[in-house]
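Fold and contact review
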Amino acid sequence: MFERGDYLGALKLFQKEVENAASGANTDPIKARIANCFFHLNDVVRAGQMYKSLNQDILSGEDLLFYAITLLRSGEYDKAAEFADMAESIGCDQLVVERVRASCEFAKEVMKEKPVYAANKTNVNFAGFSSGVTYYKGKGIILAAPGVGEDAMKDTRGYKSVRLYNAIFSADGKGGRMLPFADELVDKYHIGAATFTKDFSRIYYTKTILKKDGTSILKLMTAENNNGKWENNKELNINSDDYSCAHPCLFRDSLLFFVSDMPGGNGGKDIYMTLVQGDECGEIQNLGETVNTPDDELFPFIDESGRLYFSSNGHVGLGGLDVFVSEMKADGVWTEPQNMGRPINSSMDDFGLVFKDTKCAEGYVSSNRGGTGYNDFLFSLKLLPNRKVEPVKEEKVVVPEKEMFTVDYRYAIQVGAFRNPVPRVYFEYFQNVKVYLGYDNIYRYTVGEYPDEDVAKRDLTGVRQYVGDAFVMNVDRYVAEKKIQHDIKGDKISDDELLLIRLKKFETQKKLELARKERQERTALPSRRYIDKPKESEIRWLEGGYTVVLMPTNQVLDMSIFEGIEEVDVYSMADGSYMYCSGMYTDRGQAERCLRDMKSKGFRNAYVLNRGDGEYTSSASSIGRREADVLRNLLRTN
């Protein structure tokens, strides 16, 4: 139960085991698990009490790190830093240790600053849980909560099913009552975190879907208002049964911000954006590493001026989830997130910030401060007299005049390099194709124009669906190094030549499809060929576990590009491609730590894969460092 995240169920069994233990028996190891359950259930008070009562010598590095985070959330910053040091000394996640230390120092500095807002706890009864807040027609706010006294199902944490309510407040903003909202959307399981179009004719909201295997995921839904009734309820086309999409926020009726743990992100839950019209969404774009971290980013809210407010436990803060603000610059890059400080943030979890308008003079934020950490409360925010909101400072890039006209952009995605010019039909999937003639008489074909490398890498994944070995090219550097000339515009092509090339391409594709079909008939499941015989210590990993995929590719790579990585596994797939992976792990947490390390070494598109999901069948060990030609021969003969 603990390993699959059912901490409430695990807690009850651990407590029962302690109660039934023989007199004088050492129950500290079990109590450490109980403390961890309280920690994951966000019950900071009881987690801290339990950790404090234990013999510190029996705690693992992870236990001590959890205790340090508990102390951080309780506002005991010096003790939190002390236990973070202890955790580091016996081995634990170094990145988390560094963030705990930084948060302790940051919190002590923030305490010296004068607050900008007053935060007052409202009397609205959440019944223990909140899932997002949004303003509605000037008649209070829409929030998601279980409500009080309802005969509803309970989730794994013991909470009643969540639905939407309209909270109407008294003149002082503290008192109020909750009116049931959108009965047509009520489901047997949780719904919440809603956003509306400007005319309130359409709603986008989060819905929990219970899967057949007993697990659940979150999906984004939309419905239309027809004479006060919410009808035509549909799923958005970006949903999946393999990952969650949640916490929608609509910007100017067309740009939808949301949260997802889809593959290819930075880790944990990331914030994404997409163009939306009804239930149809366009291309999904990750907001990038400036905003998203290896941990969780949640509850995005963007005001009409374009400021993005969100909660995160991955940026340095006061403890738990903190609210941050960022703003998109003219080149599409987000500014470094700024912590909103006290009293919007606290040492506990603070999330779901909304402001009434761009003046940011009043709003609401949810928080579990002022309790055990188990229950959430709603706080009203008021800008203090003689205070003003500092605008987000935009970082301007200054380009020296002598470099201003060297090239019209700095980065592009190379999709091909040839000794002779090729017709544009070779790149019919792409717009904005340019060709550069190199001083070595190589024609380099590119797509896209990007001022920043990270922005180019966001589009690289989509390009690689058509060109597997595409990569981001630094045009500025290639020109400076005199590898390419930048004034070649490309060759035109006649209709007759175009038709001939299309026919040849069609014939080639048919041959490839027939060959692929024959391979699939010969191989029921994707096969993986051994480079070396697995070590005896690896036998127990044959059927499951996790690995970190460094990159999939259609060609055999020179192993020197993996220099500095102790262990690399290569798998030959049934479709003729190769998958380069690193490590074998029993749990996802270990794999995620490896993933962060791989991304820091430059493999930014790496991701964690469950080795038992059927993608390949048997195990292979480290290939060591071999030349590409030797490796290619081994793959063909084994």
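Residues numbered from 1 in each chain as written. Predicted model: local features only at pLDDT ≥ 70, side-chain atom pairs only at ≥ 80, totals over all residues. Heavy atoms only, no water.

**Observations regarding the sheet that holds strand 1 (residues 117-121)**
Sheet strands associate in pairs through backbone hydrogen bonding, adopting either a parallel or an antiparallel arrangement. With respect to topology, four strands assemble into an open sheet ordered 1-21-20-19, the strand pairing being antiparallel. Every interior strand has two partners, whereas the edge strands, strand 1 and strand 19 (350-355), have only one. Averaged over all neighbouring strand pairs, the angle between strand axes comes to 25°, with direction disregarded. Bridging between strand 20 (residues 362-367) and strand 21 (residues 377-383) involves six bridges; their strand directions are antiparallel. (Pairing = 2+ DSSP bridges. Helix = DSSP H or I, 4+ residues; strand = E, 2+ residues; numbered from the N terminus. Axes fitted to C-alpha atoms, helices over the stretch in contact; angles between N-to-C directions.)

**With respect to the nonpolar core**
Grouped together as the largest cluster of nonpolar side chains are 43 residues, with contacts concentrated most on Leu143, Phe257 and Phe355. Within the second largest apolar cluster, 38 residues are counted, among which are Ala35, Leu54, Leu64 and Tyr67. (Core = buried A, V, L, I, M, F, W, Y, C linked by side-chain atoms within 4.5 Å. Buried < 20%, exposed > 50% of the residue type's maximum accessible area, 1.4 Å probe, protein only.)

**Regarding the packing of aromatic side chains**
Considering all chains together, one arrives at 19 aromatic pairs under this definition. Look at tyrosine 136 and phenylalanine 181: their rings are 5.1 Å apart centre to centre, the planes differ by 75°, and that puts the pair in the edge-to-face class. Taken together, the residues tyrosine 136 in the loop between strand 2 (133-135) and strand 3 (141-145) and phenylalanine 181 in the loop between strand 5 (176-180) and strand 6 (191-196) connect sequence positions 45 residues apart. Judged by relative accessible area, which is 7%, tyrosine 136 ranks as buried. (Phe/Tyr/Trp six-rings, centres within 6.5 Å; stacked < 30°, edge-to-face > 60°.)

**Considerations on the pattern of salt bridges**
Inspection of every chain in the model, using the stated rule, returns 17 salt bridges. Here aspartate 295 ties to arginine 99 by a salt bridge, and the two come within 2.8 Å at their closest N and O atoms. Of the two residues, aspartate 295 is situated in the loop between strand 14 (285-286) and strand 15 (297-302) and arginine 99 in helix 6 (residues 94-110); the sequence distance between them amounts to 196 residues. The salt bridge partner of lysine 198 is glutamate 304, with a shortest N-O separation of 3.6 Å. Remark: glutamate 304 occurs in the loop between strand 15 and strand 16 (307-312) and lysine 198 occurs in the loop between strand 6 and strand 7 (202-210); sequence separation between them is 106 residues. Through salt bridges with shared partners, one network takes in Asp78, Glu105 and Lys108. (Salt bridge = Lys/Arg side-chain N within 4 Å of Asp/Glu carboxyl O.)

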